[in-house]
2 protein chains.
Amino acid sequence: MPGEDGEETLAWETLGTEIDYTCPGFDVRRDDVRLPDSTETEYHYVDEPPAVVILPFVDSGPADGSAAEPGNPGERLLLIEEWRQAVNRVNRGLPAGTIEGDEPPVQAARRELREETGYAAGEVEHLCTVEPTNGMANSVHHHFVAFDCAPARDQDLDFNESIRPITVPYREFRTAVLADEVPDGRATLAVSRYELTRLARDDNPG
Amino acid sequence: MPGEDGEETLAWETLGTEIDYTCPGFDVRRDDVRLPDSTETEYHYVDEPPAVVILPFVDSGPADGSAAEPGNPGERLLLIEEWRQAVNRVNRGLPAGTIEGDEPPVQAARRELREETGYAAGEVEHLCTVEPTNGMANSVHHHFVAFDCAPARDQDLDFNESIRPITVPYREFRTAVLADEVPDGRATLAVSRYELTRLARDDNPG
């Protein structure tokens, strides 16, 4: 929003930037900055490439817009159970992964779904693009909804990925999100945001 | 979920752990791990304390459950405009911050709201607790909804916080979330998740 009042009084000036630390998952970048009151200081944040997150429906999804009753009984969600070392537990969540080079996000979504679950997607729709933690990282997550996913081939995992695909009734998982029983933030965001879309469709039919 | 099948076949064993890097915002921790196939390797992730995120309503909120029409016209949301160096722009988002020591999350929510906006909250309700990026970090975000927020005193900011509180019609902001015009992931999650709660309340009145 250049030119808006916000930029003028809130913006920091970047005087320099450097990678301060590197590990297999990400870098940490250190910027030399000048604050609005002219103080000079440093700011550190995680620097990583953008990623995709996929909310994958196995049976025919509600692409026809017949969402008068969100979550029809037949809908099943394809989830992954995956060890998450950072939180020391098996996480039930959504397929996700980093975009490779100039790969379009929707293509990365199809690729990650195939690699992590062995399923191929039918129609894929963009849901939203968010920065999950923009105080600490420059991470960008492109969320997609994938319909009519079907088993296509074996998983193709990185050496340190421990992933098992499972399918669950979508309604059950939505109920678990509502009961605060899904600690995975990307899954909670995707399901909630998808329901918001359905709700808006109900409010404005046709 | 100890004892479940998932733990046995997916779990990693932690052989050692060490802080590998420190900066003002967070640490990076390196764990020595043994994978399910007995491979020994390392895993790096951001180590930071849990945080709170507040979705603050200024006028009387819908605490009475009268949510037949979600987002009544009078509702206003208290947002902050804040410089986010990691994404190089002013972010329109929610008050948030780190829990201090043994502080209960709900108390941290009231404190961060006061410090970042100068507003004091009336009733505060827990919305959800999520790990926004549990592949890369052990971050935990406790989301709260705060009702009847009112100006109480001046902001109390850290030296490098550039924050301006603003109020906007809640409906407008929800529409912006739906239009994918709110890149802030925490705000998108909080609004979508809050609407899911209202939707469920509609489905099961009383």
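Before any of the text, the structure's been laid out above.
Residues numbered from 1 in each chain as written. Chains lettered and ligands numbered in written order. Predicted model: local features only at pLDDT ≥ 70, side-chain atom pairs only at ≥ 80, totals over all residues. Heavy atoms only, no water.

## Examining the environment of A:Ile54
Residue and element names in this part refer to chain A.
For step 1, the next point in the chain: Among the structural elements, Ile54 can be located in strand 4 (residues 51–56).
For step 2, the next point in the chain: For Ile54, a relative accessible area of 1% puts it in the buried group.
For step 3, the next point in the chain: Here the alpha-carbon distance between Ile54 and His142, two residues 88 residues apart in the chain, equals 8.5 Å.
For step 4, the next point in the chain: Sequence-distant contacts of Ile54, that is, excluding residues within four places in its chain, are made with Leu94, Pro95, Ala96, Ala109, Glu112, Leu113, Phe144 and Ala146. (Helix = DSSP H or I, 4+ residues; strand = E, 2+ residues; numbered from the N terminus. Buried < 20%, exposed > 50% of the residue type's maximum accessible area, 1.4 Å probe, protein only. Contact = heavy atoms within 4.5 Å.)

## Describing the relation of the copies chain A and chain B
For step 1, the next point in the chain: Of the transformation placing chain A onto chain B, the axial shift is 0.0 Å and the rotation is 180 degrees, giving an RMSD of 0.0 Å. Classification of the inter-copy transformation places it as that of a two-fold axis. (Least-squares fit on C-alpha atoms with pLDDT ≥ 70 in both.)

## Overview of the interface of chain A and chain B
For step 1, the next point in the chain: Taken together, the contact between chain A and chain B spans 73 residues of the former and 73 residues of the latter.
For step 2, the next point in the chain: Note on chain A versus chain B: buried area summed over both sides is about 6,500 Å², and carbon and sulfur give 63% of it.
For step 3, the next point in the chain: One can count two salt bridges joining chain A with chain B.
For step 4, the next point in the chain: The tally of links from chain A across to chain B stands at 27 residue pairs in polar contact (both at pLDDT 80 or more).
For step 5, the next point in the chain: For the side of chain A that touches chain B, the per-class residue count stands at 34 nonpolar, 22 polar and 17 charged. (Buried area = accessible area lost by both parts, 1.4 Å probe. Salt bridge = Lys/Arg side-chain N within 4 Å of Asp/Glu carboxyl O. Polar contact = N/O pair within 3.5 Å; in protein donor to acceptor, adjacent residues only side chain to side chain. Nonpolar A, V, L, I, M, F, W, Y, C, P; charged D, E, K, R; others polar.)

## Considerations on the side chain of A:Arg198
Residues and elements named next belong to chain A.
For step 1, the next point in the chain: The topology assignment puts Arg198 in helix 4 (residues 185–203).
For step 2, the next point in the chain: Owing to a relative accessible area of 1%, Arg198 belongs among the buried residues under this scheme.
For step 3, the next point in the chain: A polar atom in the side chain of Arg198 sits 3.4 Å from the side chain of Glu75.

## Focus on the pattern of salt bridges
For step 1, the next point in the chain: Under the definition given, this model contains 34 salt bridges over all chains.
For step 2, the next point in the chain: With a shortest N-O distance of 3.3 Å, A:Arg198 and A:Glu195 are connected by a salt bridge. Here A:Arg198 pairs with A:Glu195, and both are found in helix 4, just three residues apart, close to one helical turn.
For step 3, the next point in the chain: Residue B:Arg30 pairs with B:Glu18 through a salt bridge whose shortest N-O separation is 3.8 Å. Of this pair, B:Arg30 sits in strand 2 (residues 27–34) while B:Glu18 sits in strand 1 (residues 13–22), and the two are 12 residues apart along the sequence.
For step 4, the next point in the chain: What makes B:Arg30 buried here is its relative accessible area of 18%.
For step 5, the next point in the chain: Counted as one network, the salt bridges with shared partners bring together A:Glu100, A:Glu103, A:Arg111, A:Glu112 and A:Glu115.

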